[in-house]
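Letter by letter, the chains look like this.
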Amino acid sequence: MKKQSFEGFGRVWGASGVQNFDKSGWWYHQFLRFIGLVFWGVTFVSKTTTLRPRLDPSKREGNMPLKDDGITPKEKFPKCIHITFWMWIRGMVLNAVGLSGPGAKALLEKGIWHKMKGPIVLSFMSVAQKREERLEELRQFLRMLRLELPKFNAKKIALQINYSCPNTGHDLKELAGEVCEGLDMAWDLRIPIMPKFNVQMPIEDAFNISHHSGCAGICISNTIPFGKVLPPAWWEKYFGTADPAKSPLAEFGGGGLSGKPLRSLVEKWVRDARSYGISCHINAGGGVLGPIGAIRLFLAGADSIFLGSIAMLRPWMMLPTIWVGKFVGWFMHV
């Protein structure tokens, strides 16, 4: 089977969810457009959906309360997102949104993705506790998507399968063995499939996955779980603890860190991946808060980058980062 390609998807993507499920973004985006928070020329990546609705925080089915449309947050400042003034200055944020959303069926029935014309990347994650149940969730989602794809207007459609959300209670190492089986199920969609991991994914495992005929690329990195990856002294310096039970988002399981601290971790992962022999498309992001961050990821070996936390932490840098990213990405891959 010939591998699918990400040709035509551009060099600068949005992070999953930075524009919500439907490109509408979030309430504060409209107020920050005048300082450069725009997404001109950015490949749209949908917020990650699950098979079933996650609309009840009281049952730990998503941590962000949503309105009846299943898309719009009820709270202007959701309790599951933690950022202080000093965190903002340092360029980092904690979140524990927990994949809140209306579920795949509702989103497909709304037809919001069907109408889009530019390149679009859908994002899905299974959240069941047992491996067999997670694979069954993926199988059901793929069955629905398979029926709907012919109705899409976009000529370029891809699927990101998220294996690394820190806010659903799963261990990445336990999930890694499922990836190839998931790719086996998804290959007949005849669209590019991209597993998404965080920097905890061992390079050797990613290497094996990248050689699967259904793997068109790898997305790196999702947020990192509170208290993990970075040294305990780092967490203690900035949060006073490395214990998720004492995290500012302890009630939601600790949350995941995004922003500036991730950038060097992602750079190293991408550089190590290329040195190890991973040759597939790598879509890299995490902590890109300006043009320099974009350039560094391309120099590390990324084929494309994604922008996410910049929208909240450095919105005035979005437009110049897009321009520089598109130019550098094009220049390095002509």
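For the structure, check the block above.
All values reported here derive from a predicted model rather than from experimental measurement.

Bringing the pattern of salt bridges into the picture now. If you walk through the whole model with that rule in mind, you get 12 salt bridges. In this structure, the salt-bridge partner of arginine 271 is glutamate 267, at a minimum N-O distance of 3.6 Å. Here arginine 271 pairs with glutamate 267, and both are found in helix 9 (residues 261–276), just four residues apart, close to one helical turn. Residue classification places glutamate 267 among the buried residues on the basis of a relative accessible area of 4%. Among the salt bridges present, the one from glutamate 267 reaches arginine 296, with a minimum N-O distance of 2.8 Å. With glutamate 267 in helix 9 and arginine 296 in helix 10 (residues 291–300), this residue pair connects regions lying 29 residues apart in the sequence. Several salt bridges converge on common partners, so that one network encompasses Arg263, Glu267, Arg271 and Arg296.

For the rest of this paragraph, the subject is a nonpolar patch on the surface. A cluster of nonpolar side chains, Leu299, Phe327, Trp330, Phe331 and Met332, forms an exposed patch at the surface whose accessible area comes to about 600 Å². Examining the composition of the nonpolar patch, we find that four residues originate from one element, helix 12 (residues 318–332), more than from any other. If you trace the backbone, tryptophan 330 turns up in helix 12.

Before going further, it helps to examine the sheet that holds strand 5 (residues 120–124). The eight strands lie next to each other as 1-12-11-8-7-6-5-2, forming an open sheet whose pairing is parallel. Every other strand in the sheet has two partners, leaving strand 1 (12–14) and strand 2 (44–45) as the edge strands with one partner each. Examined bridge by bridge, strand 5 and strand 6 (residues 157–162) share five bridges and lie parallel to one another. Bridge pairing in strand 6 places valine 121 opposite alanine 158.

For the largest pocket, the calculated volume is near 1100 Å³. What lines the largest pocket is a set of 47 residues, and nearest its centre among them are Trp26, Ile81, Asn95, Val97 and Met312. Of all the secondary-structure elements, those providing two or more residues to the lining of the largest pocket are helix 1 (29–32), strand 3 (81–82), strand 4 (92–95), strand 10 (256–259), strand 12 (304–307) and helix 11 (310–313). Of the residues forming the lining of the largest pocket, the biggest block, three residues, is contributed by helix 11. For the lining of the largest pocket, the residue count by class is 25 nonpolar, 18 polar and four charged.

Here we come to the side chain of arginine 314. For arginine 314, the location among the structural elements is in the loop between helix 11 and helix 12. It turns out arginine 314 is buried and unbridged, and the closest side chain with the opposite charge, glutamate 267, is 15 Å from it. In this structure, arginine 314 is in contact with Trp88, Ile89, Arg90, Gly91, Leu289 and Ser309, ignoring residues within four places of it in sequence.

With that settled, the discussion passes to the pairing of strand 6. Extensive coverage of strand 6 is indicated by the burial of six of its six residues. Burial of the side chains of strand 6 extends over both faces: Ile157, Leu159 and Ile161 are buried on one face and Ala158, Gln160 and Asn162 on the other. What joins strand 5 to strand 6 is helix 4 (residues 131–148), and the crossover it makes is right-handed. With four bridges connecting them, strand 6 and strand 7 (residues 193–197) associate as parallel partners. Along strand 7, the bridge assignment pairs isoleucine 161 with proline 195.

If you trace the four strands from one edge of the open sheet to the other, you get 3-4-10-9, paired in antiparallel fashion. Bordering the open sheet on either side are strand 3 and strand 9 (224–225), each of which pairs with just one other strand. Across four bridges, strand 4 lies against strand 10 in antiparallel orientation. For methionine 92, the partnering residue across the bridge sits in strand 10 and is glycine 259.

Time to look at the packing of aromatic side chains. Under the criterion given, the structure shown has 20 aromatic pairs. Ring centres of phenylalanine 207 and tyrosine 276 lie 5.2 Å apart, and the angle between their planes is 75 degrees; this geometry places the pair in the edge-to-face category. Residue phenylalanine 207 is located in helix 7 (residues 203–210), and its partner tyrosine 276 is located in helix 9; the two are separated by 69 residues in the primary sequence. On the basis of relative accessible area, tyrosine 276 is assigned to the partly exposed category, the value being 44%. Ring pairing ties together the aromatic residues Phe226, Trp234, Trp235, Tyr238 and Phe239, which thus form one cluster. Above the ring of phenylalanine 306, the side-chain terminus of lysine 196 is found at 5.6 Å from the ring centroid. Taking the ring centre of tryptophan 88 as reference, the NZ or CZ of arginine 314 above it sits at 5.4 Å.

Attention now goes to the environment of isoleucine 120. Looking at the secondary structure, you find isoleucine 120 in strand 5. On the basis of relative accessibility, which here comes to 0%, the residue isoleucine 120 falls in the buried class. When the C-alpha atoms of isoleucine 120 and leucine 262 are compared, they prove to be 25 Å apart, with 142 residues separating the residues in sequence.

This part takes up empty space enclosed by the protein. The tally for this structure, following the rule as stated, stands at two cavities of 30 Å³ or more. Considering only enclosed or pocket space, the largest cavity measures out at about 90 Å³ in volume. Taken together, 10 residues line the largest cavity, and the ones lying closest to its centre are Ser126, Arg134, Asn162, Tyr163 and Glu178. Secondary-structure elements contributing two or more residues to the lining of the largest cavity are helix 4 and strand 6. The greatest single-element share of the lining of the largest cavity, amounting to three residues, is contributed by helix 4.

Definitions and cut-offs
- Residues numbered from 1 in each chain as written.
- Predicted model: local features only at pLDDT ≥ 70, side-chain atom pairs only at ≥ 80, totals over all residues.
- Heavy atoms only, no water.
- Salt bridge = Lys/Arg side-chain N within 4 Å of Asp/Glu carboxyl O.
- Helix = DSSP H or I, 4+ residues; strand = E, 2+ residues; numbered from the N terminus.
- Buried < 20%, exposed > 50% of the residue type's maximum accessible area, 1.4 Å probe, protein only.
- Patch = residues over 30% accessible without salt bridge, like charges linked within 9 Å, V, L, I, M, F, W, Y side chains within 5 Å.
- Areas by Shrake-Rupley, 256 points an atom, 1.4 Å probe, with all protein chains shown as cover.
- Pairing = 2+ DSSP bridges.
- 1 Å grid on protein atoms, 1.4 Å probe; cavity = no way out; pocket = protein on both sides within 12 Å on 5 of 7 lines; lining within 4 Å.
- Points joined across faces, edges and corners; volume = space filled by probe spheres on them.
- Nonpolar A, V, L, I, M, F, W, Y, C, P; charged D, E, K, R; others polar.
- Lys, Arg positive; Asp, Glu negative; His and termini not counted.
- Contact = heavy atoms within 4.5 Å.
- Right-handed = clockwise from strand over helix to strand, strands pointing away.
- Phe/Tyr/Trp six-rings, centres within 6.5 Å; stacked < 30°, edge-to-face > 60°.
- Lys NZ or Arg CZ within 6 Å of the ring centre and 35° of its normal.

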